[in-house]
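Remarks on the overall topology
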Amino acid sequence: MKRNFKYIAYNPKGKYKFIGIMFIALALAGCTKNFEKYNTDPTKLSSTQSVAIASTLFGPLEVDIFDDYQRAQNLSADGYAGYLDACAFNQGSNLDYGMHESWNAPALGDIYGDILPSMRSLSLTTNIKTSQPPVWGIGLLIQVTAMDKVTDRFGPVPYSKAGSSLTTTPFDSQQAIYQQFFKQIDTAVTNLQAAISAGITSSPYAASTDYVYGWNYKQWLKYANSLRLRLAMRIVKVDAVTAKAQALEAIQNSGGLLETTADDANVPSSINGFTGFYAIATYGGGQMVMDAAIQSYMQGYNDPRFTVYFAPTTAAPTGSSPYAGQYHGVRTGTYVSDNATYAYFSTGNIATATNPNAYFTPSVPQPILTSAEVWFLRAEAALRGWTSESIQTDYETGIRNSMTKYGVASGADAYIAGTTTEANYVDPLVPANNATALSTISVAWNPNGTKEQMLEQIITQKWLALFPDGQEAWADYRRTGYPKLFPIINNDSGIPGAVALQIRRLQYPSSLILKDPTAFNNAIANLLNGPDNITTRLWWDVNGPNF
């Protein structure tokens, strides 16, 4: 079936938006949340009304973590992570580093348009901090989760003073942002633990209004600790002391971590429309084709999740195809103009009328943070000597949890014992795109390997388990260099070194620059580690050894 790619700009109606007038400064140019709307919004609520309907706010904010998923993540991070590539475009797209501002601006603006103003308004216009401290803590966790995606895409951004002025929009360094993240997690953990210790394990709100955990405070405490561990590991190469301290605080907290698939934090993929992998693959035209990198690893490892993640190649409507029924992906940066058949290569395994038993259906939620990821984080913590846990046990538990999540647990033992390696990539249409496998590691744990080899094993299996969360996988790749990914085929960035270095960040949208040129120029001069382009490394993306 021909996939007609289209942009999606979905704004769920009927959801309350707590928009405070003091957040006007962040109404970015080109964003629909402008000064006039903030100043005259008829849905602006009194303190009493806000508290009364607070339960209606949190579920939509959870969905907003993936707001405008197509442009905020799918057309950038999912490709940079080696998961999926947009085969609807020729020269000058994000996937060949040509960069589309209209694709990248939502990766910043939507978080500022929904989550931050809602939380700020709750803080300023209600007494929720004192009347419902654990609920406020959950809100902070949602905010940190969403804001981490923003700063890890761009680098320094407005955060600590966001919305505090009508005339200026000061930026924070990434170091300062992460410090604030940890403090906000501290508040959430303290509030949740105090409630649990007092015998209060859930909020007075209807469970259905919290889409993730139904207001289960014990589960949110596990999430808080797991989120802290994720962020701690992110900064290990730039601030190992803080990273270790935060990681141990997470691991040693009595509330525990996400450990089983029942603990996984997910948000419904289509509760408000076009949110998440299923929705974008279905309604976005479906032209997100499997990347050559994930094909090479999964086929080389005989990974039982392969046919769960991806569907086989289909035939064009004009005739049969010798590749129909086979699994074929494309190298990042491939032009569809090279051969129109690329548009019919393997896509995500989405349920359709002709493929009703596919894994990804409207009822399959979008993962925010999973127990599999946490076990791999624990394995890395043990590898770094921070804990006495068995690296191998943590590593293999991460694999097993992922297999369980995707319904292939019966294949876990054979997979974990596997000694095969990444396969070579073969492009059946353009042989010049063929690529020799870059990795020589297998799945079976190598207790005699070097630390670097062990880290490659951990991050590679973590990468396979993270699918379809390209944002987190791209962050891991930039931090560690793993998994080893094929370089892009076409580089339209104008930066020769981009092919070898691969993309490190998104450029700031012009709307942010124009909003406060002074603050922007200060950020470039003093907070970013180089020019505002795609090869400048973020604060935590240190060009140095992993150990």
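As shown above, the structure is provided for reference.
For the structure given in this document, a descriptive report is provided here. (Residues numbered from 1 in each chain as written. Predicted model: local features only at pLDDT ≥ 70, side-chain atom pairs only at ≥ 80, totals over all residues. Heavy atoms only, no water.)

Our next topic: the overall build of the protein chain. Within the protein chain, the secondary structure is distributed over 24 helices and four strands. Burial analysis of the protein chain (547 residues in total) assigns 62% to the buried set. The long-range share in the protein chain, meaning contacts at least 24 apart out of those at least 6 apart in sequence, stands at 75%. (Helix = DSSP H or I, 4+ residues; strand = E, 2+ residues; numbered from the N terminus. Buried < 20%, exposed > 50% of the residue type's maximum accessible area, 1.4 Å probe, protein only. Contact = heavy atoms within 4.5 Å.)

What follows concerns helix α21 (residues 470–480). For α21, the buried fraction is high: eleven of the eleven residues fall into the buried class. Taken residue by residue, α21 has Gly470, Gln471, Glu472, Ala473, Trp474, Ala475, Asp476, Tyr477, Arg478, Arg479 and Thr480 as its buried positions. If you follow the buried residues of α21, they end up packed against α4 (69–74), α5 (77–80), α10 (133–154), α12 (217–234), α17 (371–383) and α20 (451–466). Backbone geometry just after α21 places glycine 481 at a positive phi near 85°.

To continue, consider the packing of aromatic side chains. The geometry of an aromatic ring pair is captured by the separation of the ring centres together with the interplanar angle, meaning the angle of the planes. All chains considered together, the criterion is met by 33 aromatic pairs. Between tyrosine 301 and tyrosine 415, the ring centres sit 6.4 Å apart and the planes meet at 85°, which makes this aromatic pair edge-to-face. Linking tyrosine 301 in the loop between α15 (292–300) and α16 (306–309) with tyrosine 415 in helix α19 (residues 412–416), this pair joins segments that are 114 residues apart in sequence. Take tyrosine 301: its relative accessible area is 4%, and that puts it in the buried class. Residue class for tyrosine 415 comes out buried when judged on its relative accessible area of 3%. Measuring from centroid to centroid gives 5.2 Å for phenylalanine 310 and phenylalanine 467, while their planes differ by 55°, and the two rings are tilted. Of the two residues, phenylalanine 310 sits in the loop between α16 and β4 (366–369) while phenylalanine 467 sits in the loop between α20 and α21, which places them 157 residues apart along the sequence. Residue phenylalanine 310 shares its accessibility class with phenylalanine 467, and that shared class is buried. Above the ring of phenylalanine 547, the side-chain terminus of arginine 384 is found at 4.7 Å from the ring centroid. Sitting above the plane of the tryptophan 474 ring, arginine 478 keeps its charged end 3.6 Å from the centroid. (Phe/Tyr/Trp six-rings, centres within 6.5 Å; stacked < 30°, edge-to-face > 60°. Lys NZ or Arg CZ within 6 Å of the ring centre and 35° of its normal.)

Right, let's get into the environment of tryptophan 445. Looking at the secondary structure, you find tryptophan 445 in the loop between α19 and α20. In this structure the C-alpha to C-alpha distance between tryptophan 445 and glutamine 457, which are twelve residues apart in sequence, comes to 7.6 Å. Residues contacting tryptophan 445, with those up to four places away along its chain left out, are Ile391, Gln392, Tyr395, Glu396, Ile416, Met454, Gln457 and Ile458.

Attention now moves to the side chain of glutamine 457. Residue position: glutamine 457 is located in helix α20. Residue classification places glutamine 457 among the buried positions, given a relative accessible area of 4%. Contact partners of glutamine 457, with chain neighbours within four places excluded, come to Tyr395, Ile441, Ser442, Val443, Ala444, Trp445 and Asn446.

Attention now moves to the packing of helix α3 (residues 55–64) against α10. Following both chains from N to C, one finds α3 and α10 inclined at 15°, their axes separated by 10 Å at the closest point. If you check the angle between α3 and α10, you find them roughly parallel. Note on packing geometry: the crossing formed by α3 with α10 is left-handed. Contacts between α3 and α10 involve Phe58, Leu61 and Glu62 from the first element and Val135, Gly139 and Ile142 from the second. Split into classes, the residues belonging to the contact of α3 with α10 amount to four nonpolar, one polar and one charged. (Axes fitted to C-alpha atoms, helices over the stretch in contact; angles between N-to-C directions. Parallel < 35°, antiparallel > 145°, perpendicular 65-115°, else oblique. Left-handed = near helix turned anticlockwise from the far one by under 90°. Nonpolar A, V, L, I, M, F, W, Y, C, P; charged D, E, K, R; others polar.)

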